[in-house]
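Structural description and commentary
Below, each chain spelled out in residue letters.
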Amino acid sequence: MSELPPGSVIGILGGGQLGRMLSVAAARLGFRCHIYEPGANPPAGDVAHAVTVAPYEDEAALRAFAASVDVITYEFENVPTSALDLLESLKPIRPNRRALATSQDRLLEKDFLTGLGIACAPYAAVPTSADLETAIARIGTPAILKTTRLGYDGKGQVRIMSPDGAAAAKATLRQACVLEGMVDFSHEVSVIAARGLDGSVACFDPGENVHQDGILRTTTVPARLTASQRTDAILLAARILNALDYVGVLGVELFVTPQGLIANEIAPRVHNSGHWTQNGCAVDQFEQHIRAITGWPLGDGSRHSDVVMENLIGDDILKVPALAREPHVALHLYGKGAPRPGRKMGHVNRIKRPGASGPGTGR
Ligand code: AMP
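Anyway, here's the lowdown on the structure attached to this text. (Residues numbered from 1 in each chain as written. Predicted model: local features only at pLDDT ≥ 70, side-chain atom pairs only at ≥ 80, totals over all residues. Heavy atoms only, no water.)

What follows deals with the packing of helix H1 (residues 17-28) against helix H10 (residues 285-293). Interaxial distance between H1 and H10 falls to 8 Å at its minimum, and their mutual angle equals 70 degrees. It follows that H1 is roughly perpendicular to H10 by the angle criterion. Crossing of H1 over H10 shows right-handed handedness. Between H1 and H10, the residues in contact are Leu-18, Met-21, Leu-22, Ala-25, Ala-26 and Arg-28 and Phe-286, Glu-287, His-289 and Ile-290, respectively. For the contact of H1 with H10, the per-class residue count stands at 7 nonpolar, 1 polar and 2 charged. (Axes fitted to C-alpha atoms, helices over the stretch in contact; angles between N-to-C directions. Helix = DSSP H or I, 4+ residues; strand = E, 2+ residues; numbered from the N terminus. Parallel < 35°, antiparallel > 145°, perpendicular 65-115°, else oblique. Left-handed = near helix turned anticlockwise from the far one by under 90°. Contact = heavy atoms within 4.5 Å. Nonpolar A, V, L, I, M, F, W, Y, C, P; charged D, E, K, R; others polar.)

Dropping the structure here:
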């Protein structure tokens, strides 16, 4: 196993804000990033060494991209399988395909997690609308019907409050779904965990997440967790990483209930709820991911400050001039064009107790 030296080129599939922040972290370590993105003017393009704007179906563009990089990663998990098949035959993709396949499909993901002994909400497959009544009879209501694939930020979800709601839900159901029992949680937390090429694991301190309209609004560290819940959260994330032979950073979203932690979903990439690490740790989630995929040792991700991360969504971007004047506030803007409702334009990290030392689970 060898470390990629500074000057090596990292290929990133997807050019959004995550690709942008990965590129900045990579540049700090002397790497160069090549972004592959189908949409014009990707936010990551402003800070990357090279950008290919081409569809994932363009075989020639994919080949040229692979030839120009030393390792490939992604900031977006819905890259078409055909593109991944081709790229994988040309250069290493980290995290590996199994991690991607598992998280792309909610049913596979839940089967995988429960197979590891990790608690999930009760669930039932709903391959077609004809299967919905049976699933409701098994799971009960209230429940949430989620598309098996391509759901994010609460999109592709319908709440079914009583069995009478099945008809309305059926009307919106156009693809295979999973029906999930509604979890009665007190709050939501996530663990951002990393695994290196040598199999070593490091987890950031869990963050407490507040969602609004299905979109992450804030992450606060430290999260409200007992010492044993914190340990459970970290052990659970580490078990997932080992089982997938994972290399890179992974986000695990959890519900906190009196009966224990319940896994909601995993994301095989740097995660919005890990943005606080940019101002709360010596080595943030983006650098940790770059270190992992290039074979470097994982860095010190212990938390040195209490932080509240707040997403700037849509018109929140208009608050930037005022935020720029506030003490202990770090602004991270994504260089996107016009604000639209629900569009993530940037985030702020408010450092609550500069200099405070946290419980530190970084190494
Ligand atoms: P997801 O897209 O699966 O992350 O869901 C978005 C948000 O919906 C979660 O962060 C929760 O706030 C809520 N949610 C999702 N699944 C459930 C569930 N089974 N029970 C209760 N709330 C849920």
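What follows picks up the thread again.
This next bit is on the site of the ligand. Contacts to the ligand come from 17 residues, most closely from Lys-146, Gln-157, Glu-180, Val-183 and Glu-188. Separating an oxygen atom of the ligand from a side-chain N or O atom of Arg-106 is a distance of 3.2 Å. Its free accessible area being 470 Å², the ligand has 93% of it covered by the protein chains. Taken together, the elements giving at least two residues each to the shell around the ligand come down to strand E6 (143-147), strand E7 (157-160), strand E8 (177-181), strand E13 (248-257) and strand E14 (260-267). Its residues assigned to classes, the shell around the ligand comprises 5 nonpolar, 5 polar and 7 charged. Viewed by domain, the shell around the ligand spans two of them, domain 2 (122-181) and domain 3 (187-354), each represented by three or more residues. (Near = heavy atom within 4 Å. Polar contact = N/O pair within 3.5 Å; in protein donor to acceptor, adjacent residues only side chain to side chain. Areas by Shrake-Rupley, 256 points an atom, 1.4 Å probe, with all protein chains shown as cover. Domains from an automatic or database assignment.)

This paragraph deals with the pattern of salt bridges. By the definition in use, this model includes 23 salt bridges. Glu-180 is the partner of Lys-146 in a salt bridge, and the nearest nitrogen-oxygen pair spans 3.0 Å. In this pair, Lys-146 sits in strand E6 while Glu-180 sits in strand E8, placing the two residues 34 residues apart along the sequence. Lys-146 gets classed as buried once you look at its relative accessible area, which sits at 4%. Connected through salt bridges with shared partners, the residues Arg-217, Glu-310, Asp-316, Lys-319, Glu-326 and Arg-350 form a single ionic network. (Salt bridge = Lys/Arg side-chain N within 4 Å of Asp/Glu carboxyl O. Buried < 20%, exposed > 50% of the residue type's maximum accessible area, 1.4 Å probe, protein only.)

What follows covers the sheet that holds strand E4 (residues 71-74). Spatial strand order, E3-E2-E1-E4: 4 strands in an open sheet with parallel pairing. Taken across any chain shown, the strands that pair with only one partner, and hence form the sheet edges, are strand E3 (50-53) and E4. Between one strand axis and the next, the sheet turns by 20 degrees as a mean value, whatever way the strands run. Pairing between strand E1 (residues 9-13) and strand E2 (residues 32-37): 5 bridges, direction parallel. Bridge pairing links Gly-11 to His-34 in E2. (Pairing = 2+ DSSP bridges.)

The space that makes up the second largest pocket amounts to roughly 160 Å³. Lining the second largest pocket we find Arg-20, Met-21, Val-24, Ala-25, Arg-28, Val-47, Gln-278, Asp-284, Phe-286, His-332, Leu-333 and Tyr-334. When contributions to the lining of the second largest pocket are tallied by element, the ones reaching two or more residues are H1 and strand E16 (329-333). It is H1 that provides the largest number of residues to the lining of the second largest pocket, a total of 5 residues. (1 Å grid on protein atoms, 1.4 Å probe; cavity = no way out; pocket = protein on both sides within 12 Å on 5 of 7 lines; lining within 4 Å. Points joined across faces, edges and corners; volume = space filled by probe spheres on them.)

A few words on the environment of Ser-305. Among the structural elements, Ser-305 can be located in the loop between H10 and strand E15 (307-313). Counting along the chain gives 29 residues from Ser-305 to Trp-276, while the straight-line C-alpha distance between them is 9.8 Å.

A separate point is helix H4 (residues 97-104). Of all the 8 residues making up H4, 6 are buried; the element is thus mostly covered by neighbouring parts of the structure. Of the residues making up H4, those classed as buried are Arg-97, Ala-99, Leu-100, Thr-102, Ser-103 and Gln-104. Those residues of H4 hidden inside the fold are in contact with E4, helix H3 (81-88), helix H5 (106-115) and E14. Of the residues that open H4, the one with a side-chain oxygen 3.1 Å from the backbone nitrogen of Arg-98 is Asn-96.

Coordinates in, geometry out; function isn't part of it.
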